[in-house]
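# Results of the structural survey
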Amino acid sequence: MSSPEKFELRLYVAGQTAKSVLALKNLKRICEEHLKGQYSIEVIDLLIDPQLAEGDQILAIPTLVRKLPEPVRTIIGDLSNTDRVLIGLDLRPL
């Protein structure tokens, strides 16, 4: 039996705004409920590293990018809609 897939998630924010903090809180909650022990979260603050936005074509903040498993998926917003996030991460069918 193969080991469960590891999710590599990248959350792009711009400083510690209310929306950015909420997005990270929602992401951690969803990951703990649905991906316990199978994920890593990298938070990228574009106020500190603005050049990093180009690689993942970030157009809005906050944005969650699922790097692995492929294909890459992008979810924009504060991640408060759990169903939308689960569908976006391919954890729940449409």
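All figures in this text were calculated on a predicted structure; none of them were measured in a lab. (Residues numbered from 1 in each chain as written. Predicted model: local features only at pLDDT ≥ 70, side-chain atom pairs only at ≥ 80, totals over all residues. Heavy atoms only, no water.)

### Considering the sheet that holds strand E2 (residues 39-45)
On the basis of which strands lie adjacent, the open sheet formed by 4 strands has the order E2-E1-E3-E4 and mixed pairing. Unpaired on one side and paired on the other, E2 and strand E4 (73-76) mark the two borders of the sheet. Strand-to-strand twist in this sheet, taken as the mean axis angle between neighbours without regard to direction, amounts to 20°. Note that strand E1 (residues 7-13) and strand E3 (residues 63-68) share 5 bridges and pair antiparallel. For tyrosine 12, the partnering residue across the bridge sits in E3 and is threonine 63. (Pairing = 2+ DSSP bridges. Helix = DSSP H or I, 4+ residues; strand = E, 2+ residues; numbered from the N terminus. Axes fitted to C-alpha atoms, helices over the stretch in contact; angles between N-to-C directions.)

### Comments concerning the pairing of E1
With 5 of its 7 residues buried, E1 lies for the most part within the structure. With 7 bridges connecting them, E1 and E2 associate as parallel partners. Following the sheet pairing, phenylalanine 7 is matched in E2 by tyrosine 39. Once the chain exits E1 it traverses helix H1 (residues 18-34) before rejoining the sheet at E2, and the crossover so formed is right-handed. (Buried < 20%, exposed > 50% of the residue type's maximum accessible area, 1.4 Å probe, protein only. Right-handed = clockwise from strand over helix to strand, strands pointing away.)

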